[in-house]
Amino acid sequence: MVFLKALCLLILNTGLGWLFVFAIKTFFFYPRKPLYLGKKRIPFTPGFLHRKHELYMSKLHKWIEEFWSAINDENNADTYIYKWEQKAYDIVWEKLNALNRIKYLPGVIVFNIRKFVALLIFEIVKQFFRNFVPYLAEKYEIQLKIDEICAKIDVDTALYFFNKYVYRYLWFFFVGFATLVGFYNFVLFLILH
């Protein structure tokens, strides 16, 4: 009887490991539609990826639209592209502060050199973000490719790749670990009884 109780510990731990992996998969992918109990929706339905898929795709499209509007609005100091340009200017301005240590160079010349180089870097960064990046995006049709990818990425594709590349290894790891813990409990239970 003691041996059967110890064997039950081994089976219980292995079952808990399998249940944990099954719960992870269920949380992310199942059910596909919301479930209701009466008129109230059951929490965590539909699965996490089904709930968040549209949110993430809309955030991606929103980020792209914000990028295009920031490129076109050169005078708005609130856009992050303008902040990057200003940061490049500030970094170069601070780095060229070392010119002040040159003893026999007049302050007016140092100021003009610092201002010229900082403005040059500012304009290079500005041209890169506002002209070169849009040129590349237009040439390689980035917006079209992003729309195609968003259309192809659905939860069933994610489930396929999860099953193919993640689920098996996750199952081996957690069920194997739980089985080892169960075997340890099995031996410990037999030793103590």
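Located above this text is the structure these notes cover.
The rules we used
- Residues numbered from 1 in each chain as written.
- Predicted model: local features only at pLDDT ≥ 70, side-chain atom pairs only at ≥ 80, totals over all residues.
- Heavy atoms only, no water.
- Helix = DSSP H or I, 4+ residues; strand = E, 2+ residues; numbered from the N terminus.
- Rg over C-alpha atoms; globule rule 2.2 N^0.38 Å.
- Buried < 20%, exposed > 50% of the residue type's maximum accessible area, 1.4 Å probe, protein only.
- Areas by Shrake-Rupley, 256 points an atom, 1.4 Å probe, with all protein chains shown as cover.
- Lys, Arg positive; Asp, Glu negative; His and termini not counted.
- Charge placed at Lys NZ, Arg CZ, Asp CG, Glu CD.
- Patch = residues over 30% accessible without salt bridge, like charges linked within 9 Å, V, L, I, M, F, W, Y side chains within 5 Å.
- Salt bridge = Lys/Arg side-chain N within 4 Å of Asp/Glu carboxyl O.
- Polar contact = N/O pair within 3.5 Å; in protein donor to acceptor, adjacent residues only side chain to side chain.
- Contact = heavy atoms within 4.5 Å.
- Expected span 1.5 Å × (residues − 1).
- Bend = angle between axes of the 7 residues up to and from the residue.
- Core = buried A, V, L, I, M, F, W, Y, C linked by side-chain atoms within 4.5 Å.

Peer 1: Help me understand the overall build of the protein chain, please; the structure alone is not making it clear to me.
Peer 2: A count of helical and extended segments in the protein chain gives six helices and two strands. Moving toward the C terminus, one meets the helices and strands of the protein chain in the order α-β-β-α-α-α-α-α. Its C-alpha radius of gyration of 30 Å places the protein chain more than 25% over the 16 Å reference for a compact globule of 193 residues. In terms of overall dimensions, the protein chain has a C-alpha envelope of 95 × 50 × 35 Å along the principal axes. Every one of the 193 residues in the protein chain was classed for burial, and the buried ones make up 24%. With an accessible surface of roughly 14400 Å², the protein chain has 70% of that area assigned to carbon and sulfur atoms. Distance between charge centroids for the protein chain: 13 Å, based on 25 positive and 16 negative side chains.

Peer 1: Help me out: how do you make sense of a nonpolar patch on the surface in this one?
Peer 2: A surface patch of nonpolar side chains, about 570 Å² in accessible area, is lined by Phe 128, Phe 132, Tyr 135, Leu 136, Tyr 140 and Ile 142. Looking at which element gives the most residues to the nonpolar patch, the answer is helix H4 (residues 107-139), with four residues. Relative to the assigned elements, Ile 142 resides in helix H5 (residues 142-152).

Peer 1: For this particular structure, what's the right way to read the side chain of Glu 85?
Peer 2: On the secondary structure map, Glu 85 appears in helix H3 (residues 80-95). At 2.9 Å, the side chain of Glu 85 and the side chain of Arg 130 are in polar contact. Excluding residues that lie within four positions of it along the chain, Glu 85 makes contacts with Phe 122, Val 125, Lys 126 and Arg 130.

Peer 1: Could you clarify how one ought to interpret helix H2 (residues 48-72) in this entry?
Peer 2: Each α-helix winds once per 3.6 residues, and so residues spaced three or four apart point in a common direction. Helix length check: H2, at 25 residues, gives a terminal C-alpha distance of 36 Å against a target of 36 Å (1.5 Å per residue), a fit within 8%. Helix geometry: H2 is bent most strongly at Glu 54, by close to 25 degrees. Within H2, burial applies to His 53, Met 57, Ile 64, Phe 67, Ala 70 and Ile 71. At its buried positions, H2 is contacted by H3, H4, H5 and helix H6 (155-192).

Peer 1: Hey, could you run me through the pattern of salt bridges in this one?
Peer 2: Where charged atoms from two side chains of opposite charge come close, those side chains can pair. The tally for this structure, following the rule as stated, stands at two salt bridges. In this structure, the salt-bridge partner of Asp 156 is Arg 32, at a minimum N-O distance of 2.5 Å. Taken as a pair, Asp 156 in helix H6 and Arg 32 in the loop between helix H1 (2-29) and strand E1 (36-37) lie far apart in primary sequence, 124 residues in all. Assessed through its relative accessible area of 41%, Asp 156 is described here as partly exposed.

Peer 1: Would you explain H6 in this entry?
Peer 2: Taken as a whole, H6 carries its principal kink of about 50 degrees at Asn 163. The set of residues buried in H6 consists of Val 155, Leu 159, Phe 162, Tyr 167, Val 175, Ala 178, Gly 182, Phe 186 and Phe 189. Where H6 is buried, its residues touch H1 and H2.

Peer 1: Explain the nonpolar core to me, please; I cannot follow it from the model alone.
Peer 2: Within soluble globular proteins, side chains that are nonpolar tend to cluster in buried spots. In terms of nonpolar packing, the biggest core is built from eight residues, these being Tyr 89, Val 92, Trp 93, Leu 96, Leu 99, Val 110, Ala 118 and Phe 122. In contact with Val 92, other than residues within four places in its own chain, are Val 117, Ala 118 and Ile 121. By size, the runner-up hydrophobic cluster in this structure holds seven residues, among which are Phe 67, Ile 71, Ile 81 and Phe 129.

That is the geometry; function is a separate question.
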